[in-house]
Each structure stands twice: as structure tokens, then as C-alpha cells.
Amino acid sequence: MSQPNRPLSPHLGVYRWQISNTLSIVHRLTGVMLSLGAVVFTVWLVALAGGPDAYLGVVGVLRSPLGVLALAGWTLCFFYHLCNGIRHLCWDAGLGFEIAQARASGKAVVAAAVVLTTAFWLVVLTGSGS
Amino acid sequence: MEMRSPMGRALGLGSARSGFGHWWGQRLSAAALVLLGLWFAVSVLGLVSTDYWAVAAWAGEPLHAILLVLFLGTLLYHSSLGIQVVIEDYVHGPVAHVAALVVNRFVHVVLAVAGAWSVIALSAGGQA
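**Here we look at the overall build of chain B**
Right, on to step 1. What chain B contains, in helices and strands, is five helices and zero strands.
Right, on to step 2. Scanning chain B from its N terminus toward the C terminus, one meets helices and strands in the order α-α-α-α-α.
Right, on to step 3. Computed over its C-alpha atoms, the radius of gyration of chain B comes to 20 Å, more than 25% above the 14 Å expected for a compact globule of 128 residues.
Right, on to step 4. Across its three principal axes, chain B shows a C-alpha extent of roughly 65 × 30 × 25 Å.
Right, on to step 5. Counting contacts in chain B only where the partners sit at least 6 residues apart, residues at least 24 apart contribute 68% of the total.
Right, on to step 6. Accessible surface for chain B amounts to roughly 7,300 Å². Of this, 73% is attributable to carbon and sulfur atoms.
Right, on to step 7. Side-chain charges in chain B split into 5 positive and 5 negative, and the spacing between the mean points of these groups amounts to 21 Å.

Here's what the structure looks like:
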């Protein structure tokens, strides 16, 4: 039954660590983190419908030092997963498959995620006045 | 190169059956989330310095309520597909595997219904 000429998955023990597989793993990790973020987003919406007391309780947790740290982490996960997701959609359309292109787009995705996260928090911290 | 097994060929099974729905749903929701996610991120920037009443009024406006439900629903659909793949890859054992897949779907549907109800309640103007 077995067909020895089928392509094999890379054997992780002998697979050289490089930017492409690192970014792939980070894509999955940030996706799992964002699923947790979706739970918090839903809790926030339910609290908003629940009234001021419930809302301020949730916002109080989110504005605590640990809460802000988590929100900053989620922002980075969001922008990374967004940018790298667009990279994946380009691949699905058949674009950017050359190794040099894939490495360049990978670096661009990391840079864009850091820049967008920094810009987002600059607006939050300077614009909120609190 | 022939990629299909003899059994798969005999049964007429292969790609582009049930697996395609998952793959396509993930891509379609990803494309929608690019737009909805950016809309939500920009919206949050406008809401961080406002109080409860301003946020509640914002969420209850028809356009915002519709986009919030679309964003939440698409986000949770995309999330359920992604977590499903992670479970299929890492959770082994017949009972744990199926249990994790069922819990994954249940949790995502509960979150979607709770979130959508909240937005509808806000849109209707009253607190719950």
C-alpha cells in the first residue's frame, strides 16, 4: 500500500532552523494567543451590555499593569498575525514563492508588525490624555 | 507523481472534498478579518479616552453594531478553524481528541451568541 516515492515532511531533528519555519511557528502561536484575546473581547462586550459597574470592573483589570502588558502583547500578536496572514494569502494566490522573496517578505512582516504596534501604542498613550 | 493511495483511488476519495471547506473558510474569513480587524483597531484608538456611556453609545449605533457582530462572528469562526487544526495536530488519544474538538466548537459558539446578544442589547438602547 505504501508509496515510497511520496514527498515526506521535513524531519524536525535534522531540519535547519531558519526564518521561514520560525515565522510559521510564530504565526500559529500568535493565532492561539489571539483566540484567548477573542475571549477577552467577548467578555468586554458582555460587560459593556451589562452596565457601568460590570464594564468598569473589566476595564479596571485591563488597565492594571498586568492587563496593559497583556494588551500590548495582544496588539503585537494582532499586527503580526494580520501582516503574516496577508503574506499567506499572497502565497495562496501563487505570489512570492521564491526563497529570496519569502525571506524578504518575512522580514518585512516582522518590521511592519513592530512599527504598527509601536504606532498604535504611541497614539493610545499620547492621545488618551491619561 | 501519483500522490493518492490505491485505497483512496478505489474509494474515489481525495482532496477537494471535506478538507476544502475548512481551507476555503479559513482564507475567506482571513480576508474579511483584514478589513474588520483594521476597522476595530482604528475604532479602539478613538475609544480609549472615553467613558462608559460614550463606548456604549458608540457600540449601539447601527453601523457599529453591525460591524461589531460581523467582526466578532468572523473572528470566532476563524479562531475555531485555527484551534481545530492545533487540536488535530497535538491532542492525541481517541477520547481526548474528539472531546477537545467538541469543546472547541461549543466554546466558540457560546462566545459568538453571548457577544452578538450583547451588541443587540446595546443597540436596543437598554442595559441588560
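**Quick notes on helix α1 (residues 19-50) of chain A**
Because the α-helix completes a turn every 3.6 residues, residues three or four places apart line up on one side.
Right, on to step 1. Its 32 residues place the ends of α1 of chain A 45 Å apart at the C-alpha level, agreeing with the 46 Å of an ideal helix rising 1.5 Å per residue.
Right, on to step 2. Downstream of α1 of chain A by a residue or two, Gly51 of chain A has a phi angle that is positive, lying close to 115 degrees.

**Notes on the nonpolar core**
Right, on to step 1. Among the nonpolar cores identified, the biggest contains 31 residues, and Phe41, Trp44, Leu45, Leu48 and Tyr55 of chain A together with Leu68 and Phe71 of chain B are the most heavily contacted of them.
Right, on to step 2. Looking at this core, the elements with two or more residues in it are α1 and α2 (52-63) of chain A together with α2 (18-47), α3 (52-60), α4 (62-90) and α5 (94-123) of chain B.
Right, on to step 3. Residues in contact with Leu68 of chain B, not counting those within four places in the same chain, are Phe41 and Leu45 of chain A together with Trp39, Phe40, Trp58, Ala59 and Val119 of chain B.
Right, on to step 4. Grouped together as the second largest cluster of nonpolar side chains are 16 residues, Trp74, Phe78, Leu82 and Cys83 of chain A included.

**Re the pattern of salt bridges**
Right, on to step 1. Evaluated as defined, the whole model comprises two salt bridges over all chains.
Right, on to step 2. A salt bridge links Arg28 of chain A to Asp89 of chain B; the nearest nitrogen and oxygen atoms lie 2.8 Å apart. Of this pair, Arg28 of chain A sits in helix α1 while Asp89 of chain B sits in helix α4, on two different chains.
Right, on to step 3. By relative accessible area, Arg28 of chain A is classed as partly exposed at 28%.
Right, on to step 4. Residue classification places Asp89 of chain B among the partly exposed positions, given a relative accessible area of 37%.
Right, on to step 5. As a salt-bridge pair, Asp92 of chain A and Arg27 of chain B come within 2.8 Å of each other at their nearest N and O atoms.

**Comments concerning the side chain of His27 of chain A**
Right, on to step 1. Here His27 of chain A shows up in helix α1.
Right, on to step 2. Not counting residues up to four positions away in its chain, the partners in contact with His27 of chain A are Tyr80, His81, Asn84, Gly85 and His88 of chain A.

**Digging into the side chain of His108 of chain B**
All names here are of chain B.
Right, on to step 1. Inspection of the secondary structure puts His108 in helix α5.
Right, on to step 2. Of the residues examined, His108 reaches a relative accessible area of 11% and is grouped as buried.
Right, on to step 3. The contact partners of His108, leaving out residues within four places of it in the chain, are Leu76, Ser79, Ser80 and Ile83.

**Overview of the layout of surface pockets**
Residue and element names in this part refer to chain A.
Right, on to step 1. If you add up the space inside the second largest pocket, you get close to 530 Å³.
Right, on to step 2. Elements supplying a minimum of two residues to the lining of the second largest pocket: α1, α3 (65-92) and α4 (99-127).
Right, on to step 3. Take the lining of the second largest pocket: its biggest share by element is five residues, from α1.
Right, on to step 4. Across the lining of the second largest pocket, the residue classes break down as 10 nonpolar, seven polar and three charged.

**Some details on the confidence of the model for chain A**
Right, on to step 1. In this model, chain A carries an average pLDDT of 92, and 93% of its residues clear a pLDDT of 70 or more.
Right, on to step 2. For chain A, the element scoring lowest by mean pLDDT is α4 of chain A, at 95; α3 of chain A scores highest, at 97.

**With respect to a nonpolar patch on the surface**
All names here are of chain B.
Right, on to step 1. A cluster of nonpolar side chains, contributed by Phe20, Trp23, Trp24 and Leu28, occupies part of the molecular surface with about 430 Å² of accessible area.
Right, on to step 2. Tracing the backbone through its elements, the reader meets Trp23 in helix α2.
Right, on to step 3. Classification of Trp23 as partly exposed rests on a relative accessible area of 35%.

**Some thoughts on the confidence of the model for chain B**
All names here are of chain B.
Right, on to step 1. Model confidence for chain B is summarised by a mean pLDDT of 91, while 91% of its residues fall at 70 or above.
Right, on to step 2. Considering each helix and strand of chain B separately, the mean pLDDT is smallest for helix α1 (residues 6-11), with a value of 75, and largest for α4, with 97.
Right, on to step 3. Reported confidence for the predicted complex is 0.88 by ipTM and 0.88 by pTM.

**Things to note about the packing of aromatic side chains**
Right, on to step 1. Applying the stated criterion to the full structure yields 14 aromatic pairs over all chains.
Right, on to step 2. When the centroid spacing of 5.8 Å and the interplanar angle of 15 degrees are considered together, the rings of Trp39 of chain B and Trp58 of chain B count as stacked. Of the two residues, Trp39 of chain B sits in helix α2 while Trp58 of chain B sits in helix α3, which places them 19 residues apart along the sequence.
Right, on to step 3. Taken together, the ring pairs connect Phe41, Trp44 and Tyr55 of chain A together with Phe40, Tyr52, Trp53 and Phe71 of chain B into an aromatic cluster.

Rules and cut-offs
Residues numbered from 1 in each chain as written. Chains lettered and ligands numbered in written order. Predicted model: local features only at pLDDT ≥ 70, side-chain atom pairs only at ≥ 80, totals over all residues. Heavy atoms only, no water. Helix = DSSP H or I, 4+ residues; strand = E, 2+ residues; numbered from the N terminus. Rg over C-alpha atoms; globule rule 2.2 N^0.38 Å. Contact = heavy atoms within 4.5 Å. Areas by Shrake-Rupley, 256 points an atom, 1.4 Å probe, with all protein chains shown as cover. Lys, Arg positive; Asp, Glu negative; His and termini not counted. Charge placed at Lys NZ, Arg CZ, Asp CG, Glu CD. Expected span 1.5 Å × (residues − 1). Core = buried A, V, L, I, M, F, W, Y, C linked by side-chain atoms within 4.5 Å. Buried < 20%, exposed > 50% of the residue type's maximum accessible area, 1.4 Å probe, protein only. Salt bridge = Lys/Arg side-chain N within 4 Å of Asp/Glu carboxyl O. 1 Å grid on protein atoms, 1.4 Å probe; cavity = no way out; pocket = protein on both sides within 12 Å on 5 of 7 lines; lining within 4 Å. Points joined across faces, edges and corners; volume = space filled by probe spheres on them. Nonpolar A, V, L, I, M, F, W, Y, C, P; charged D, E, K, R; others polar. pLDDT = per-residue confidence, 0-100. Patch = residues over 30% accessible without salt bridge, like charges linked within 9 Å, V, L, I, M, F, W, Y side chains within 5 Å. Phe/Tyr/Trp six-rings, centres within 6.5 Å; stacked < 30°, edge-to-face > 60°.

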